[in-house]
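Residue-level structural notes
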Amino acid sequence: MDQLGVAVIGYGLAGSVFHAPLIAADPRMRVAAVVTSSEERAAQARAEHPGVRVVSTADELFADPAGIDLAVIATPNRSHAPLALRALAAGLPVVVDKPFAVTAADAEEVVAAAEQANLPLSVFQNRRWDNDFLTLRDLMDRGELGEIRRFESRFERWRPTPKGSWREVGEAEDGAGILFDLGSHLVDQALTLFGPVTEIYAELDRRRPEVKADDDAFLALTHTNGTRSHLWMSAVAPQLGPRLRALGSTNAYTISGLDPQEDALRAGRRPDDGKPWGTVTPDKWGTFGAGENLRPIPTLPGNYPAFYAGMAATLLDGTPVPVNPLDAVETLRILEEARRVAGSASR
């Protein structure tokens, strides 16, 4: 097999910006098919991936999956689980964009179907390969921070006027709202670093009258190991807080600003363009130390391509999937419990 043929189901922002470029950049993969009902997006797919097969419905793809070795679900949240189940029934390994599903029960059904079919299944939690997260994890692995007592993590934006996307005007049952959007990343990162959660506190609000789902949220998680994670996500933050702050028993690490990979992909850059990828200049490094003994510390390069390199290794070499879907099920359980704790986000 020269290259794995990958079908990208959905060619909006997720499919065209986050998935397809990373797939195309991996030497063991190619974008073989795209599912989109938009003529404009179909033309875009053909221009960006010469020779790609474009079909207008998932039905057409599943009826004839020849040449496809992996299906990537990059559609609106509510369709993630149903399409994943259909792809597995068609005999295809699957990657599902985050959030895995709109309920933990739906996600568990997909996991069970993959196990029964003996097919690989993973979830695109790409922010495990953000530069700031990789740097923090490296510091922790080397014992530079001591025991982490408090972890603060934010994804905040200033969008006082909604753009009108389904994530803003959709209902909670559609997986709309900032909790399921950015919270999927924040909770996954906290669980990856600090493990299971014993207590959950949450605040959910709808600050802009034009939106139907939450656009401002805060979660406080208490982990089994004693670490407390404080997670903020907002579309209405006029000033942005630090991206990460980890307070340890010996040192702390703080960094502001976002990993550059998303902006690079949106701007049309590709990981295989021969230029440094995922790097930042020293003025954007984080700060390490304690008290008055503080110093800038280099930020490791971000590495979103590692996800699809991991999927290629799974399919061709038999290694574990890059993200265990059971991790994503646990993230959904926490998000659902956060909604229950917070009550209606209608203030």
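Residues numbered from 1 in each chain as written. Predicted model: local features only at pLDDT ≥ 70, side-chain atom pairs only at ≥ 80, totals over all residues. Heavy atoms only, no water.

1. Quick word on the packing of helix H5 (residues 104–117) against helix H11 (residues 325–342)
- Packing of H5 against H11 brings their axes to within 9 Å, and their N-to-C directions diverge by 165°. Compared by their axis directions, H5 and H11 come out roughly antiparallel. When the axes of H5 and H11 are compared, the crossing they make is left-handed. In contact with Ala-104, Ala-107, Glu-108 and Val-111 of H5, H11 contributes Pro-325, Leu-326, Val-329, Leu-332, Arg-333 and Glu-336.
- For the contact of H5 with H11, the per-class residue count stands at 7 nonpolar, no polar and 3 charged. (Axes fitted to C-alpha atoms, helices over the stretch in contact; angles between N-to-C directions. Helix = DSSP H or I, 4+ residues; strand = E, 2+ residues; numbered from the N terminus. Parallel < 35°, antiparallel > 145°, perpendicular 65-115°, else oblique. Left-handed = near helix turned anticlockwise from the far one by under 90°. Contact = heavy atoms within 4.5 Å. Nonpolar A, V, L, I, M, F, W, Y, C, P; charged D, E, K, R; others polar.)

2. Section: the environment of Ala-47
- Considering the arrangement of structural elements, one finds Ala-47 in helix H2 (residues 39–48).
- In this structure, the C-alpha to C-alpha distance between Ala-47 and Asp-317, residues 270 residues apart in sequence, is 31 Å.

3. A few points about the side chain of Asp-216
- Tracing the sequence through the fold places Asp-216 in strand E9 (residues 216–223).
- The class for Asp-216 is buried, based on a relative accessible area of 17%.
- At a separation of 3.0 Å, a polar atom in the side chain of Asp-216 contacts the side chain of Arg-207.
- For Asp-216, the side chain forms a polar contact with the side chain of Ser-234, separated by 2.9 Å.
- Excluding its chain neighbours within four sequence positions, the residues that come into contact with Asp-216 are Ile-178, Glu-203, Leu-204, Asp-205, Arg-207, Met-233, Ser-234 and Val-236. (Buried < 20%, exposed > 50% of the residue type's maximum accessible area, 1.4 Å probe, protein only. Polar contact = N/O pair within 3.5 Å; in protein donor to acceptor, adjacent residues only side chain to side chain.)

4. Considerations on unusual backbone geometry
- Look at the link from Lys-98 to Pro-99: it is a cis peptide, with omega at -10°.
- Mapped onto the secondary structure, Pro-99 falls in the loop between strand E5 (94–97) and H5.

5. With respect to H11
- For H11, with 18 residues, the first-to-last C-alpha span of 26 Å sits near the 26 Å given by 1.5 Å per residue.
- For H11, the set of buried residues is Pro-325, Ala-328, Val-329, Thr-331, Leu-332, Ile-334, Leu-335, Ala-338 and Arg-339.
- The inward-facing, buried residues of H11 abut H5, strand E6 (121–124), helix H8 (178–194), strand E8 (197–205) and E9.
- The distance from a side-chain oxygen at the start of H11 to the backbone nitrogen of Leu-326 is 2.8 Å, and the residue carrying that oxygen is Asn-324.
- One or two residues past the end of H11 sits Gly-343, with phi positive at roughly 75°. (Expected span 1.5 Å × (residues − 1).)

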